[in-house]
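Each chain, written out:
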Amino acid sequence: MSVKLVYFAWVRERIGRPGEDLDLPASVVTVRDLLAHLTTLGEEYESALQFPDVIRVAINQEHAEHDEPIAGAREIGIFPPMTGG
Amino acid sequence: MSVKLVYFAWVRERIGRPGEDLDLPASVVTVRDLLAHLTTLGEEYESALQFPDVIRVAINQEHAEHDEPIAGAREIGIFPPMTGG
Amino acid sequence: MSIITPTIRVQSADFDLQAELTALTADHKNIGAVVTFTGLCRDEQGALSALELEHYPGMAEAEMFRIGELAIERFSLIGLTAIHRFGKIMPGENIVLVIAAAPHRQAAFDGANFVMDFLKTSAPFWKKEHAADGQQGDWVAAKDADDTARDKWR
Amino acid sequence: MSIITPTIRVQSADFDLQAELTALTADHKNIGAVVTFTGLCRDEQGALSALELEHYPGMAEAEMFRIGELAIERFSLIGLTAIHRFGKIMPGENIVLVIAAAPHRQAAFDGANFVMDFLKTSAPFWKKEHAADGQQGDWVAAKDADDTARDKWR
């Protein structure tokens, strides 16, 4: 499965890029699997995602829980808790 | 004791004037006494003040309870519950 | 810390929200939140042609000032403005304006809400309705809901 | 009853509260109450030179629209506007504007307050501080108090 990932705020800064297209192995089923998979891609990912519980994820621009499946996702956003307003 | 009375809204309309200076007998001690005294002055007062519990009173432009003494009052306002805002 | 004084006005003329907001927030760089409340005359589905607002001159201003001071102290407001109109007011026109400024949002919301709740129940203003057919209508009755709203601040 | 749609914008330019208010209330004679919330950049007693607001384009608008629709339905609002800026914002400048219009005052207060609470916790915006000495500062940390504020609407 190929998916477009987009990163924001300190997740973007630590990974070092605003996003990327990535091929995911079949073992990546849920949001939680995706975050675990990304930390294996290098220490910049590890540094960004070392505390997965604080990481927020959106599938196709809608908030998603960590146990949600990512099947069908065209775009997955990964970012820290929001601080707007 | 002489005091300036001012009336507002339907209290003013029923009494038929915006206010008046009045000499009060010594028996009039509290706000409640004043309202009771006024109802003896004519049917326009009776019509305005027949339900004294709903009538609000201000002594020297500050809200006053019905059991407060009116001694020292220069101006007493008599009016229905407020409906501004 | 300087003492904050509410800006209070009772007037027949309309007010300009933007001008009041600018006056309140100028020279303050620590305001993080401003809440404004504007109360307008509804047309009651076409049944109303105007409201007539009567007030107790002197006491209206004094009472609004007292309410404003309470709100500033209770919610640590940086600024507070309250303006109430009197006279004949047409549907769609402004009746009352409250602006509360604070470092954070909940204080600004609560400050403006508090002032409106007390203004409704304690400031000496009375509304009379004029019907769309030109008849002078009734004096608006005070609502128990307004007392309840006020009592939530106890 | 016509369907009310929130007016949502995400922009780098400043907004004009009076213009937004006029646009929202024009042609409505049954609005009795309008509450506006303006969020501004504080200078943190001189420690802050600017905030940098980052957002998720597309999702930010979509999320604000969802929040706006929830508020309109829950509080029977007659109108709702929410505008959020992005980019570099100086102390004293506007960050966010919410306007809620309703027949009665509590719905307008609650509508604006609700939108702000959800905007804070759900709309994809992030603040980075720039210190007064020119140093890039930290990303602002999310506050538990904001989650608590949101949860009061459950």
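Residues numbered from 1 in each chain as written. Chains lettered and ligands numbered in written order. Predicted model: local features only at pLDDT ≥ 70, side-chain atom pairs only at ≥ 80, totals over all residues. Heavy atoms only, no water.

Side note on the overall build of chain A
Alright, step 1. Helix and strand counts for chain A stand at three helices and five strands.
Alright, step 2. Element order for chain A, N to C, with α for helix and β for strand: β-α-β-α-α-β-β-β.
Alright, step 3. Taking 2.2 N^0.38 as the reference for a compact globule, 85 residues should give roughly 12 Å; the C-alpha atoms of chain A span a radius of gyration of 12 Å, in line with that estimate.
Alright, step 4. In terms of principal-axis extent, the alpha carbons of chain A reach across some 35 × 30 × 20 Å. (Helix = DSSP H or I, 4+ residues; strand = E, 2+ residues; numbered from the N terminus. Rg over C-alpha atoms; globule rule 2.2 N^0.38 Å.)

Here we look at the arrangement of the chains
Alright, step 1. Here three pairs of chains are in contact, and chains C and D lead that list by number of contacts.
Alright, step 2. The two units chain A and chain C never meet; even their closest C-alpha atoms stay 10 Å apart.
Alright, step 3. Kept free of each other, chain B and chain D leave a smallest C-alpha distance of 10 Å between them. (Contact = heavy atoms within 4.5 Å.)

Description of the interface of chain D and chain A
Alright, step 1. Each partner contributes to the interface: chain D provides 25 residues, whereas chain A provides 21 residues.
Alright, step 2. On the chain D side of the interface with chain A, the three residues burying the most area are Tyr56, Trp126 and Trp139 of chain D, jointly 35% of the side's total.
Alright, step 3. Linking chain D with chain A are three salt bridges.
Alright, step 4. Between Glu54 of chain D and Arg12 of chain A there is a salt bridge, and its shortest N-O distance comes to 2.5 Å.
Alright, step 5. On inspection of chain D and its partner chain A, the count reaches 16 residue pairs in polar contact (both at pLDDT 80 or more).
Alright, step 6. At the level of elements, β3 (48-55), α2 (59-75), β6 (94-102), α3 (105-122) and β7 (125-131) of chain D are the ones that each hand at least two residues to the side of chain D that touches chain A.
Alright, step 7. A per-class count over the side of chain D that touches chain A returns 14 nonpolar, five polar and six charged. (Buried area = accessible area lost by both parts, 1.4 Å probe. Salt bridge = Lys/Arg side-chain N within 4 Å of Asp/Glu carboxyl O. Polar contact = N/O pair within 3.5 Å; in protein donor to acceptor, adjacent residues only side chain to side chain. Nonpolar A, V, L, I, M, F, W, Y, C, P; charged D, E, K, R; others polar.)

Considering the confidence of the model for chain C
Alright, step 1. Summarising the model, chain C shows a mean pLDDT of 94, and 99% of its residues fall at 70 or more.
Alright, step 2. Predicted complex metrics record ipTM = 0.94 and pTM = 0.95. (pLDDT = per-residue confidence, 0-100.)

A word on the environment of Ile3 of chain C
Alright, step 1. In this fold, Ile3 of chain C is placed in the segment before β1 (7-11).
Alright, step 2. Residues Ile3 of chain C and Ala23 of chain C, 20 residues apart in the sequence, show an inter-C-alpha distance of 17 Å.

Describing the environment of Ala26 of chain A
Alright, step 1. Relative to the helices and strands, Ala26 of chain A resides in the loop between β2 (19-23) and α2 (31-38).
Alright, step 2. Separated by 32 residues in sequence, Ala26 of chain A and Ala58 of chain A place their C-alpha atoms 20 Å apart.

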